[in-house]
Amino acid sequence: MQDRTLEEIEADLDRATDLEAEAAVDLLRSARADLRDGRIEVEESDDIDDNRREQLEHRLDQRIKEIENRDAYGSGLGSAMNPEDDEAP
């Protein structure tokens, strides 16, 4: 696999907002794997890249959780988890 830039990973994060939940999560997990596996081109100083990479990985994790939580809530599981909602069973 070809190395990617941090800008490409950030673009994936933005692009995920236009995708269905499952496709968005797949895209974000793939981007996170690229970060974790070190398949990123180093363009700046190592210290800056490491800090930026960690922040980007955190943003990816947060976005994945948001999508999964939104999807769970939309499927009715959220209603069961929050019985005070009007839609609770």
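Below is a short write-up of the structure.

## Re the overall build of the protein chain
Now for step 1: Scanning the protein chain from terminus to terminus reveals four helices and zero strands.
Now for step 2: The buried share of the protein chain, reckoned over its 89 residues, is 33%.
Now for step 3: A separation threshold of at least 6 residues defines the contact pool for the protein chain, and within that pool the share at least 24 residues apart is 63%.
Now for step 4: Carbon and sulfur atoms provide 43% of the accessible area of the protein chain, an area that totals close to 6100 Å².

## Description of the side chain of Arg52
Now for step 1: With respect to the element layout, Arg52 can be found in helix H3 (residues 46-74).
Now for step 2: Among the polar contacts made by the side chain of Arg52, one reaches the side chain of Glu10 at a distance of 3.0 Å.

## A short note on the nonpolar core
Now for step 1: Counting 16 residues, the largest nonpolar core has Ile9, Leu28, Leu35, Leu56, Leu60 and Ile67 as the members making the most contacts within it.
Now for step 2: Taken together, the elements giving at least two residues each to this core come down to helix H1 (6-15), helix H2 (21-36) and H3.
Now for step 3: Ranked by residues supplied to this core, first place goes to H2 with seven residues.
Now for step 4: Look past the residues within four positions of Leu60 in its chain and what remains in contact with it is Ile9, Leu13, Leu28, Ala31, Arg32 and Leu35.

## Considerations on the pattern of salt bridges
Side chains bearing opposite charge may pair, as long as their charged atoms lie close to each other.
Now for step 1: Inspection of the entire model under this criterion finds 11 salt bridges.
Now for step 2: A salt bridge links Asp12 to Arg4, with the shortest nitrogen-to-oxygen separation between them at 2.4 Å.
Now for step 3: One salt bridge in this structure joins Asp61 and Arg36, with 3.6 Å as the shortest N-O distance. Linking Asp61 in helix H3 with Arg36 in helix H2, this pair joins segments that are 25 residues apart in sequence.
Now for step 4: For Asp61, a relative accessible area of 17% corresponds to the buried category.
Now for step 5: Here the residues in one salt-bridge network are Arg4, Asp12, Arg15 and Asp34, joined through shared partners.

## Examining the environment of Asp34
Now for step 1: By the element assignment, Asp34 lies in helix H2.
Now for step 2: As for Asp34 and Thr5, which are separated by 29 residues in sequence, their C-alpha atoms are 9.8 Å apart.
Now for step 3: Looking at Asp34, its side chain comes within polar contact range of the side chain of Arg4, at 2.7 Å.

## Quick look at H2
Now for step 1: Helix length check: H2, at 16 residues, gives a terminal C-alpha distance of 22 Å against a target of 22 Å (1.5 Å per residue), a fit within 8%.
Now for step 2: For H2, the complete set of buried residues consists of Ala21, Ala24, Val25, Leu27, Leu28, Ala31, Arg32, Asp34 and Leu35.
Now for step 3: Downstream of H2 by a residue or two, Gly38 has a phi angle that is positive, lying close to 75 degrees.

Cut-offs used in this document
Think of each chain on its own: its residues are numbered from 1, step by step along the sequence as written. Reporting of local features is limited, given that this is a predicted model, to residues whose pLDDT is at least 70; pairs of side-chain atoms are given and counted only at 80 or more, and all residues count toward the totals for whole chains, interfaces and linings. As a rule here, side-chain values come from all non-hydrogen atoms in the structure, and water together with hydrogens is ignored. Under the DSSP-based scheme used, a helix requires at least four consecutive residues in state H or I and a strand at least two consecutive residues in state E, with every element numbered from the N terminus. Accessibility here uses a 1.4 Å probe with only protein chains present; expressed as a share of the type maximum, an area under 20% marks a residue as buried, one over 50% as exposed, and anything in between as partly exposed. When checking whether two residues touch, look at their non-hydrogen atoms; a contact exists if any pair is within 4.5 Å. Accessible surface is estimated by sampling points in the Shrake-Rupley manner with a 1.4 Å probe; for residues, cover comes only from the protein chains shown. Nitrogen and oxygen atoms within 3.5 Å of one another constitute a polar contact, given that in protein one can donate a hydrogen and the other can accept it, and given that sequence-neighbouring residues count only through two side-chain atoms. The nonpolar core is taken to be a set of buried Ala, Val, Leu, Ile, Met, Phe, Trp, Tyr and Cys residues, with the residues joined through side-chain atoms within 4.5 Å. Salt bridges, as used here, are contacts in which a Lys or Arg side-chain nitrogen is within 4 Å of a carboxyl oxygen on Asp or Glu. Expected helix span is computed as 1.5 Å times (number of residues minus one).

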